Structure formats: structure tokens, C-alpha cells
Amino acid sequence: MFADNPLLAQLKQQIKETIPTKEGTIKATDKKFGFLEVDSKTSYFIPPPHMKKCMHGDRVVALIRTENDKEFAEPDQLVEQAVTRFIGRIKLFKGRLNVVPDQPQLRNLSLKAKTAKGLKHDMFAEGDWVVAKVIQHPLKGDNDFMVEITEKITDANDKIAPWWVTLAENDLPNSEPTGIDDWKLHDDADLVREDLTHIPFVTIDGESTKDMDDALYARKTAKGNFELTIAIADPTAYITPDDQMDKVARERGFTIYLPGRNIPMLPRDLADNLCSLIQDEERPALCCTVTVNSDGTIQDDIRFFAANIKSHARLAYNNVSDFLETGSCEKWTPSKEIAAIVNDLAEMAKARSEWRENNAVIFPDRPDYRFELSEDNDVIAIHSDMRRSANKLVEEAMITANICAGRVLSDKLNMGIFNTHAGLKEDKVSNVIDLITEHGAEGFNADNVITLDGFTALRRWLNNQETQYLDNRIRKHQSYGEMGNKPAPHFAMGLDIYATWTSPIRKYSDMVNHRLLKAVILNKEPVQIPDDEVGDELAIHRKHHRMAERKVSDWLYARTLKQDVEAQTKFKGEIFDIGRSGMRVRLIENGAAAFVPNSLIMDNKERIESSADQGTISIDKEVIYKLSDIVEVVLSDVNIDKRNMVAKPTEVFADLPKQDA
């Protein structure tokens, strides 16, 4: 009888207005309670009944109530909803559909669900993977949460789930774009393609690579310099800026590379066939010739031009590496002509590498980890591949080509899509100076480390340290790489300019730069001018692709290494991150990342201290671990559902009296 009493409602509202409120962000826990985080120092406990009104990450206004002299928060108004679209798994409750979100802080929720138009209840079984969106929220006046299932991703036990689920989670395509029946050349009427089919270009790729987008030729001159020609596949010969396929390429941004499979940016009939620089097949290409001096410097005789080329040899990285490193290869014997080209390319690459080591920045060699999968998508093996001589040869040729493109686009057009890096974050410069001075660095100050020359000198100094400890700490103070349409330096590479054009089959930015380079060749206005948004769009695409690659890898690692928990397999791991609650190590054998909580190092939390700022873990103020240290660990828990691994050191510190520790 009091339910609709307006006087009672008015009284409740008046009482409510006297209760203090705070705005903050919801932080859920593994239990059913949570916290309202107002700022970095202030938070309020949220009891389980009130957590039913909100989700982790929601921005809310909460009533701050007091009971038994203890304050707690009651979420009352929704300011910003954290979750709208999410990935989850079907949970059947008395035959009714529910969805459990596949997010660490939301896995305790089982949300009532209905299906979108075109989907039926009987399509779904327990554990199936779905895409859902939140259509009702208790803080919006609804009685309960309600979600709508908009897509079925795959069945519960599908072994391909890691790929399909991760792609859906990042809203990425899971198949190649649809091609067309009859691709036609759309060259500018004034573009003359030189006939270079007689030049013995070679391609060097992985044995399974189909989208071969670069071919190389080098000749050592009598003076000891190198005439280098880089030929790059030319999809812009078939795709104009007005074509629908160009819009598709921009929306995708890049070819997506995941363990065991890739999803191409362009249709495979174009990427793997018509544009691919297949041996003995004539192909349109965009080319660059330049002289590299014997000391590795790049001369100013850079020339870009269009051509028709033919690869004379399809070579594989390992075969070329064997040949260069030992003088022969069991699987491949080159002709005299091809051997001479490969040797000249290798000498050129060595000269460029030495120049960059002394004048720019070379990244330390680290292994690439590769999953070998069965036809049933089980992991057969995880390979650790170091970059060999052939990989470095191609890398140096591509870096040279991209420096050339950057110079030409900057000088001739003052625009393009440039890869840039600003060096140290402005507010971290003094921290870096203090840190390196403490460790014996001389000649660096706040003025010179923000210049290109000063920053690259700092990076070279770091590369010469005995360990990666300082490097790991200082990387946290560096800015992120960006892509922009105006020329700017790339501090992380130690280069004053850098613009990629060598992978237009796989990168939309390179397609844009191809069109700009053609404008330079023709001395005409560009048919496409990069807008202000394209760099940001591509940076977001790249971020999502990297996240997807990491998440699929984590899933496969968890599947593969689960058995090592019981076996107590010992692994060597490198510490790559230290936080307040422990450290993260990368297993050197296979590349998997595992978390080592402080409680598994020593169970007395009063004596152990983790410092993210110092990159160290100490017991009784004595440093026992620091960034870049190699430690021996065993896996203590592998959770496939959460795709994470917990490890503990084989040497655990006992909680003995301090004098005996």
C-alpha cells in the first residue's frame, strides 16, 4: 500500500539528499565485494549487494553511508558506463540464456541474456563463445542487467577459439577481404615503367611466405661502394584512392599476424599472386636506387622510379644464412651470378649495420618465438629463432630504402606518413639524468638528451652496459612510437627521418607513400594527400593487432605449459617487469610470460619489498632481484580460462630470523 505513495517517495528523496556522495570508478575483486576509487589515495568499500548494481570500470556517483562507525559506498548514479560490447561464454540457468563476460574483473557475473534478431536460443550451448552488448543497467533505472547476444563466435570446445575469440574481442576481421574477378592496371598515363626484367633481382623470405613484396639487387663497384636497388610490389597499380578496396585497406590498416595464421589486408589473389614478386614472373614495381658507400653512409643520388621487374631467384632465409655463414648450403647451391649478388648484398648490409651501430641505434638481438601447430591446431613445438645473417641483410636493405623514402618525401613534398619517435618523455628527463649519472654515465645533461644526437648517444651507451637493467628502467621513461603526416625524427632508431614504403601489400601507410612517391616521379600533384587522422587510425590498428597477437600467444602458452605444473619443469626466466606485488619473467626457452608474486618469494610481506621505480625486489632492504636478472623458476599454476601463468623461484627465501636469513 506504500509502494506508490508520493509522500513516502518525497521523504526518501529528502533523506537521500542529506547523505554525502562521492564520484569515482568501480574496482571489482575476485570476491563479490568491490571498491569505489575516488583518487589514488581514497577508496570506499562496496558490499556485495551493492556491487550487483554496477560493473568493474563504471564511473559512478555513490552514496557514502555509515554503519557501525564504518563507511561504505552505495553506487547511485551512472556517470559513464565502462562496458557496452564484450566477449563472453554461454551459461545456461534452468534453460535460460546467461552470458559470463570473458574479462578478469567480470568473470563473477552471470548476466541474463536475450538473442538479437536472426539468432535463436537453440543455436547456443553451455560454454559457447559469443559477442554481447549491455542493453539494461541497474543504475539507469532498470531492475537488473540485461545483455543482447549479437553474434556467435564459435563452439565451446573449438580448438580455433583462441584466434576467433581474440579477433572478435578486438573487433578485427577474421578473413581476407573479398577480391574482384578482374584486376586491371590503373597507372597514370604519364607513368613510364622501365624494363628491368633483365636485372637479376632476388627475393629472400621465409620458406612458406607467399606475399613476397620486396626484391633486391646490389653490385659492388670498383671503388668499393655498393649500387643498391630495392624493388617493391606495387598494389597501387591496381587500387586507386577512390576504389572500395582502398577504403577496406584503410579500415584494416595492416595484415594481421597471429601465431600460426595471418589475415591479409588485401585479397590473397592480389597479395599472394598478382602483386607477389614470384620468381620468373613479370611484375609492376616501385623501385629505388641509391649508392651506399663502403663506410655505410647513404649518398644523395637517391632515385625513385616505376618499373617492370622479374625475380630471378626465390631464396629462403635459412638457406642464404647457411651460405653466408659457412660458405655452402646443403639445400641450396646458387649460380655464380646469384652468389655474387647475395655476397654484395651481405657486404652492403654489414657496412650499413656498422654505420648504424656507430651513428644511430641498433636494437639488441632477441629471439623471435614461433608456434608450430598441427593440422588440428595443437601446439607441436615452440621455436626460438634468432635473426641470422640473411634476416639482417634484408633488414638493412629495408631500413635503407625507408630512409631514402623519408628524405625524398620530406624534401619534395614535406608530407607523407612518417614513423616518428620523440625520445624521452618531457617530465622524465631529469629522472633519466639522475639515474645514468648514478651509474657512471658522463657527458649527458637535460639539454643534450632531448636532441637526436644526444638521445642516440644515450641509447648506444645503454647497449654497451653489461646487463639490460638500466635499459629496462629507462624504456619506461621513453615516449611511444607514432605515425604522422609531417616529417619528424625517429629517436628510437637514431634517424632524422623514416617513412616506410617497403610493405604496401601489408601496410596501408606504405600504399599511401607509394602514391606520394609516384607524384614525385611524375612531378605532379599527389592523387592522395594523407589527412590528419590517418596516422592516429593506423596507430590504433597497430596497437589492437599487437594486443591480439599477445593474447593468442598467451592462450597457446597456457594450453601448452599446463602439463609443466605437475612435472615441475625448471625454466630460466628473464625479469622484464617489477611491480608492487611481484615480478614478471619471460621464459627464455619459449617466450612465455609468467607472474611471480612476492608471496612465492617469501611469505612474510613485512620483510619483502618490490619497487617499480627502482626495478628491484628486496628482503630486509637487501636487493635480491632486479630487472634483467635471469632466475630459475617452476610454474605453480597455469589457468587456461584466464590465460595466465604463475611461477615461483626454485630458490625460495625462508622466513628465518633476520640474523640467520
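A quick note: this is a predicted structure, and the numbers were derived from the prediction, not measured.

### Thoughts on the sheet that holds strand β4 (residues 59-67)
Inference 1: Spatial ordering of the open sheet is given by β3-β2-β1-β4-β5, a layout of five strands whose pairing is antiparallel. Edge positions in the sheet fall to β3 (43-46) and β5 (70-80), since each has one partner strand and no second. Recorded for the sheet is a direction-independent mean angle of 45° between the axes of neighbouring strands.
Inference 2: Pairing geometry for β4 and β5, over nine bridges, is antiparallel. Counted as the bridge partner of L63 is E74 from β5.

### Considering the environment of I90
Inference 1: Of note, I90 is situated in strand β6 (residues 85-93).
Inference 2: In this structure the C-alpha to C-alpha distance between I90 and D144, which are 54 residues apart in sequence, comes to 18 Å.
Inference 3: Not counting residues within four places of it along the chain, the set of residues in contact with I90 comprises L97, N98, V99, F124, A125, E126, G127, D128, V130 and I149.

### Quick notes on the layout of surface pockets
Inference 1: What the second largest pocket holds in volume is close to 460 Å³.
Inference 2: Mapped onto the lining of the second largest pocket, the elements with two or more residues apiece are α2 (48-51) and β8 (111-115).
Inference 3: Its residues placed into classes, the lining of the second largest pocket shows ten nonpolar, five polar and five charged.

### Looking at the UniProt feature "domain: S1 motif" (unreviewed entry) in the protein
Inference 1: In the numbering used here, UniProt assigns the "domain: S1 motif" (unreviewed entry) feature to residues 568-650.
Inference 2: Taken end to end, residues 568-650 has its terminal C-alpha atoms 10 Å apart, with 0% of it in helix and 60% in strand.

### Let's talk about the packing of aromatic side chains
Inference 1: Applying the stated criterion across every chain, the model contains ten aromatic pairs.
Inference 2: With a centroid separation of 6.0 Å and 75° between ring planes, the pair formed by F35 and F45 is classed as edge-to-face. Of the two residues, F35 is situated in strand β2 (residues 34-37) and F45 in strand β3; the sequence distance between them amounts to ten residues.
Inference 3: One Lys or Arg, R586, reaches over the ring of F576 and ends 4.2 Å from the middle of that ring.

### A look at the packing of helix α7 (residues 336-359) against helix α8 (residues 389-412)
When two helices pack together, their arrangement is given by the angle between the helix axes and the distance between those axes.
Inference 1: Axis separation between α7 and α8 bottoms out at 8 Å; the angle between their running directions is 65°. Between α7 and α8, the angle is such that the two are roughly perpendicular. For the pair α7 and α8, the crossing hand works out as left-handed. Only K392, L393, E395, E396, A397, I399, T400 and I403 of α8 make contact with α7, whose side of the interface consists of V342, L345, A346, M348, A349, R352, S353 and R356.
Inference 2: Residue composition of the contact of α7 with α8, grouped by class: nine nonpolar, two polar and five charged.

### Quick notes on the pattern of salt bridges
Inference 1: Using the criterion set out here, one finds 45 salt bridges in the structure.
Inference 2: Between R107 and D102 there is a salt bridge; the shortest N-O distance is 3.3 Å.
Inference 3: For D629, the salt bridge is made with K626, and the minimal N-O distance between the two is 3.4 Å.
Inference 4: Take D629: its relative accessible area is 19%, and that puts it in the buried class.
Inference 5: What makes K626 partly exposed here is its relative accessible area of 31%.

### Some points on the pairing of strand β28 (residues 630-639)
Inference 1: Inspection of the sheet shows strand β22 (residues 570-579) paired to β28 by five bridges, in the antiparallel sense. Residue F571 lies in a different strand from β28, and its bridge partner there is V633.
Inference 2: Taken together, the six bridges between β28 and strand β29 (residues 644-649) define a ladder with antiparallel strand orientation. Each bridged residue has a counterpart across the sheet, and for V634 the counterpart in β29 is K648.
Inference 3: If you look at the hairpin formed by β28 and β29, you'll find four residues sitting between the two strands, and R643 has a positive phi there, around 55°.

Analysis parameters
Residues numbered from 1 in each chain as written. Predicted model: local features only at pLDDT ≥ 70, side-chain atom pairs only at ≥ 80, totals over all residues. Heavy atoms only, no water. Pairing = 2+ DSSP bridges. Helix = DSSP H or I, 4+ residues; strand = E, 2+ residues; numbered from the N terminus. Axes fitted to C-alpha atoms, helices over the stretch in contact; angles between N-to-C directions. Contact = heavy atoms within 4.5 Å. 1 Å grid on protein atoms, 1.4 Å probe; cavity = no way out; pocket = protein on both sides within 12 Å on 5 of 7 lines; lining within 4 Å. Points joined across faces, edges and corners; volume = space filled by probe spheres on them. Nonpolar A, V, L, I, M, F, W, Y, C, P; charged D, E, K, R; others polar. UniProt positions renumbered as here; feature names shortened; annotations may be inferred. Phe/Tyr/Trp six-rings, centres within 6.5 Å; stacked < 30°, edge-to-face > 60°. Lys NZ or Arg CZ within 6 Å of the ring centre and 35° of its normal. Parallel < 35°, antiparallel > 145°, perpendicular 65-115°, else oblique. Left-handed = near helix turned anticlockwise from the far one by under 90°. Salt bridge = Lys/Arg side-chain N within 4 Å of Asp/Glu carboxyl O. Buried < 20%, exposed > 50% of the residue type's maximum accessible area, 1.4 Å probe, protein only.

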